[in-house]
Amino acid sequence: MRTNYFILAFTILTMMACSDLQKQTELVIGVSQCSDDAWRRTMNEEMLREASFYPNLKVSIKTAYDSNQQQIQDIESFIASRVDLIVVSPNEAIPLTPVIEKTMGEGIPVILVDRKTSTGNYTAFIGADNYQIGREVGLYAANLLNGEGNIIEIRGLEGSTPEQERHAGFIEVVNEHRNMHIIYDDFGNWFRKEAKESMQDILNHFDDIDLVFAHNDEMAIGVYEALKLKTKGKLPVILGIDALSSPDGGIQKVIEGVIDATFMYPTGGEKAIQIAYNILNHKAFEKETVLHTAVVDKTNARVIKLQTDQIHFHQQRIEQLNNVLDKNLVKYSSQRNILYASLVVIILFITLSILLFRLIRQKNRSNKLLKDQNIAINRQKEAISEQRDQLITLSKNIEDATQAKISFFTNISHEFKTPLTLLHGPLESLVKNEELSTEGKRLANLMKKNVQVLMKLINQITDFRQYENGKMQMYFTLSDLKIFIQDVYDSFFELSKKKHIHFSYTASNDNFIIWFDKDKMEKICYNLLSNAFKFTPENGKIHIYLTSLIKNNEHYAQITFSDTGKGISEQDLDLIFNRFYKADRLSSGSGIGLELTKVLVGLHNGTIEVKSKKNKGSSFIVTIPYKQSEIATIEEYPMLKIKEETEKQEVMVLTESPIDDEAELSQEDHGLPSILIVEDSADVRLFLKTLLKKDFKIIEAENGQIGLFKAMKYVPELIISDVMMDVMDGFELCTRIKENLSTSHIPVILLTAMGGDEQRTIGFECGADAYIPKPFNEELLLIRVHRLIKNREKIKMYFQQNLTFGDRKELITETDKSFVEKFRSIVEDNLIETDLSVDEVGQRLGLSRVQLYRKIKLLTNYAPNELIRIIRLKAAEQDILNTDKTLSEIAYDTGFSSPSYFTKCFKEYFQESPTEYIKRVKTS
């Protein structure tokens, strides 16, 4: 805590020092003078003198020497150096306007002195009113000449603002006096020499001159010098403007009698610095500052000169004092900085001392803590070492157990081969038996094909065991890979037609005579194509492309198996070649096919890679070399281990029979109950169809999505569904069936290999009526099917007799109960409506006419029209028993079109006429 206080104090002192330095930051004012005449030199002296009263103000002066281009360059240099403010005395208004506009655009304030630019875009203006000065000179001249006389006007720089305004004011007064005439005017451009030359030329043409008005004192002196040379008598009156107090200025020349009078033209240098300071410090200032004039002649010249000299003397004293003060301030600043630095050093020393003390104390604590931690670490090391030994022992035991399991599975796989061989042989004979019925041959072929599947899986397990033990042998032959792939393609072509998949094979024109193991290559192609057909939907595409490439000067054959199936997600791509890994958990298969494929490709010294995008498809790329490394050095590539094949091997694929919706529709007229079988295995569908087709119409679907569509289309009496399917699994199908109003009454049997308690619980939560695990007992399945349909028939019969649920509510679902009650409510609410139609009732229930018919028929065994008529008759029966209405009134109130039609329907349903019914009830 104390350390924090010291750091805080140090920070405060540092901030104070920085603040003091900031206070001393200089503000730079750039001054651009148009010329180096006496008036502007006086203005420069005033500005420098006034700036000395502001310690942080610096003035930089540049002179253009009557050049517009030079003055523009001076101002541009001020902009580039980013001065804080610019004071400009323009040489000419129009040429300087753009650079003044640019300066304002850069955000730099501009003060104009003496002259304005052609626009009003500036920060402030300081100067005398030249027009008013011109009038004052005119009035003074009129007074001297008593209103009459000849006048010569020597004007300033042609086109400059002061020249134009002074001339305008002067000529205005002259024009007011009829006897005063300006007999000639010329431009002296503000300079003595040019004015002298101009006056000499004038004197050559005019000699009757009463007064000469020069626009400044410099030109007035030049006029005097010209007159002195050419005039012998009395000189005309000479008037000038500026009244500078310098030794060669206008005031001194009045005293000497060179000029008769001069008018003060204030420079405004002091005022310019004062306004600039206010602008830079964001204080109030006036945009337009007008300086006033006064005449200086023989009557007051000496007094003004004396006052001016006194002012200059005091100003010099002030400058001296400022210099002394500046030295003292520098000395004070140095001492203060030394003090601050000393304080900082002291505080740093104290802080470092405290920190050092705390670090030493912390080090002692840390050493003690490290010592305790070292003791604990040593104990942990001993425990870890002991655990490592245990893990090594455990790992060895697990490895031994794993090897034992693998050996067990390998041995039992070999044991399976004997009974499978005994099954395969008799099945071959059975298939060839001509006395066997067509149905029997179909079942025998089904058994034979699945025996082959089991053999294939057993061979995969055996191959894995051989590979892990290093005993898998490669039997290379020098063969044409293009022809081999063509044979594989032909074997799968029939399957592609039955699954409605576009299957193609293309190969480049290269030579593909290479070394490969035909048996292993067949397994590679089989596994990759089986997966492609499994995951590619109807109307999808599967393509095999064979080409060659050169890598590192070696020839390679590249086989690409591409499909437009469901694809593989990015997170699964790196895992699909792992043993037992399945990207789709619900898909069938052992999960070892792709790992075995990678192993077999590796044994060919090749590589396999996969490219895939979810829902876009996959491409498996197999690359194998033309030459095999272990035979690469043998001349002419003799076969090391050649497997002679006397007959072409059959590439085994599982075929699927196409599902014919037209055949399903045609079955509706047979009068048998319908069952929907939803199963992705065509063989299982075929077996179930064979088992059930004697007693039921069979509708088939290869996945849950199609199954849901067909359930809503055909509304079968019962649904048998697998659980693990693509697109939509059995659990979701069951949930959707039970939630849909048109199918909620249909019993659902889930038939699956997932027989665990957890799966059973999920199935029953989804609304399944039965859950039978595979492999299933045929008799048990048939009993469950007949029992569920019989229970449904009981509900129909009871409802048919009572038109209510009574004590049988537990036999139907809440959805079905709500549906029938809603149907009855719609009819009862519209009982008087004779034209109430089935279409109108179906529309109110959200069902089509066909769906309503099937739903009502399955629940009540009545057609919707019959059920509407029965509800009307039941209502009429209640009116007969509880009211005194006539039969005609009852007939019309219950929606019958006529009493005769009512009597006919009543007799058909109750087996007696309404009159007979009334007599029987009253007598009883």
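Conventions used here
Residues numbered from 1 in each chain as written. Predicted model: local features only at pLDDT ≥ 70, side-chain atom pairs only at ≥ 80, totals over all residues. Heavy atoms only, no water. Helix = DSSP H or I, 4+ residues; strand = E, 2+ residues; numbered from the N terminus. Buried < 20%, exposed > 50% of the residue type's maximum accessible area, 1.4 Å probe, protein only. Contact = heavy atoms within 4.5 Å. Areas by Shrake-Rupley, 256 points an atom, 1.4 Å probe, with all protein chains shown as cover. Pairing = 2+ DSSP bridges. Axes fitted to C-alpha atoms, helices over the stretch in contact; angles between N-to-C directions. Core = buried A, V, L, I, M, F, W, Y, C linked by side-chain atoms within 4.5 Å. Expected span 1.5 Å × (residues − 1). Arc of directions from axis to C-beta. Patch = residues over 30% accessible without salt bridge, like charges linked within 9 Å, V, L, I, M, F, W, Y side chains within 5 Å. Salt bridge = Lys/Arg side-chain N within 4 Å of Asp/Glu carboxyl O. Polar contact = N/O pair within 3.5 Å; in protein donor to acceptor, adjacent residues only side chain to side chain. Parallel < 35°, antiparallel > 145°, perpendicular 65-115°, else oblique. Left-handed = near helix turned anticlockwise from the far one by under 90°. Nonpolar A, V, L, I, M, F, W, Y, C, P; charged D, E, K, R; others polar.

When its secondary structure is counted, the protein chain shows 29 helices and 24 strands. Counting across all 924 residues of the protein chain, residues that qualify as buried make up 43%. Restricting the contact set of the protein chain to residue pairs at least 6 apart, pairs at least 24 apart contribute 70%. Within the structure as shown, the protein chain displays about 49,600 Å² of accessible surface, and the carbon and sulfur contribution to it stands at 53%.

The next thing to look at is the sheet that holds strand β10 (residues 261-264). A sheet is described by the order of its strands in space; here six strands give the open sequence β7-β6-β8-β9-β10-β12, paired in mixed fashion. Each of the sheet's edge strands pairs with one partner strand only, and the pair in question is β7 (179-187) and β12 (295-297). This sheet shows a mean twist of 20° between the axes of neighbouring strands, independent of strand direction. Relative to β7, strand β6 (residues 148-155) is paired through eight bridges, and the arrangement is parallel. Bridge pairing in β7 places Asn 150 opposite His 181. Of the strands in this sheet, β6, β7 and β8 (211-214) are in contact with helix α7 (residues 192-203), which crosses β6 at around 140°. Across the sheet, helix α8 (residues 217-230) lies against β6, β8, β9 (237-242) and β10, angled at about 155° from β9, the strand it touches most.

Counting residues in hydrophobic clusters, the biggest one holds 45 residues, and the most contacted among them are Ile 29, Ile 111 and Leu 239. Of all the elements, helix α10 (residues 269-280) adds the most residues to this core, at seven residues. Not counting residues up to four positions away in its chain, the partners in contact with Ile 29 are Leu 57, Lys 58, Val 59, Ser 60, Leu 85, Val 87, Ile 273, Ala 276 and Leu 280. If you look at the next biggest cluster of nonpolar residues, it comprises 42 residues, including Tyr 526, Leu 529, Phe 533 and Ile 542.

Let us now look at helix α3 (residues 68-80). Compared with the 18 Å implied by 1.5 Å per residue over 13 residues, the 18 Å span of α3 between its first and last C-alpha is a close match. All buried positions along α3 are accounted for by Asn 68, Gln 71, Ile 72, Asp 74, Ile 75, Phe 78 and Ile 79. Seen along its axis, α3 keeps its buried residues to an arc of 160°; they face one direction. Summarising the contacts, the buried residues of α3 are in contact with β1 (27-33), β2 (57-63), β3 (85-89) and α4 (93-105). Immediately downstream of α3, the backbone of Arg 82 shows phi near 55°, a positive value.

A surface patch of nonpolar side chains, amounting to about 470 Å² of accessible area, comprises Leu 339, Leu 343, Ile 346, Phe 349 and Ile 350. For Leu 339, the position within the fold is in helix α11 (residues 301-432).

On to the pairing of strand β15 (residues 513-517). A large share of β15 lies buried, amounting to four of its five residues. Both strand β13 (residues 476-480) and β15 contribute to a ladder of five bridges, which runs antiparallel. The partner of Asp 480 across the bridge, within β15, is Ile 513.

This paragraph deals with the pattern of salt bridges. Counting across every chain of the model gives 25 salt bridges. Across the salt bridge formed by Lys 102 and Glu 76, the nearest N and O atoms sit 2.9 Å from each other. Residue Lys 102 is located in helix α4, and its partner Glu 76 is located in helix α3; the two are separated by 26 residues in the primary sequence. Under the relative-accessibility criterion, Lys 102 is labelled partly exposed at 37%. Exposure remark for Glu 76: the relative accessible area of 29% places this residue in the partly exposed category. A salt bridge links Glu 106 to Arg 82, with the shortest nitrogen-to-oxygen separation between them at 3.3 Å. Here the residue Glu 106 occupies a position in the loop between α4 and β4 (110-113), and Arg 82 occupies one in the loop between α3 and β3, the gap between them amounting to 24 residues. Under the relative-accessibility criterion, Glu 106 is labelled partly exposed at 38%. Here the residues in one salt-bridge network are Arg 192, Lys 196, Glu 218, Glu 225, Asp 248, Lys 253 and Glu 256, joined through shared partners.

Before going further, it helps to spend a moment on unusual backbone geometry. We note that Tyr 65 has phi near 55°; this positive angle belongs to a residue other than glycine. Summarising the element assignment, Tyr 65 is placed in the loop between β2 and α3. The class of Tyr 65 is exposed, set by a relative accessible area of 57%. Positive phi outside glycine occurs at Asp 114, with the angle close to 80°. Structurally, Asp 114 is set in the loop between β4 and β5 (124-128).

For Thr 690, the location among the structural elements is in helix α18 (residues 682-692). Polar contacts involving the side chain of Thr 690 include one to the main-chain carbonyl oxygen of Leu 686, which spans 2.8 Å. If near-sequence neighbours (up to four positions away) are discounted, Thr 690 is found in contact with Glu 439 and Leu 443.

This brings us to the packing of helix α19 (residues 704-714) against helix α20 (residues 730-739). For the pair α19 and α20, interaxial distance at closest approach is 9 Å and the crossing angle is 20°. By the angle class used here, α19 and α20 are roughly parallel. Crossing geometry of α19 relative to α20 is assigned as right-handed. On α20, the residues that touch Gly 704, Gly 707, Leu 708 and Ala 711 of α19 are Leu 733, Arg 736 and Ile 737. Taken together, the residues that form the contact of α19 with α20 break down as four nonpolar, two polar and one charged.

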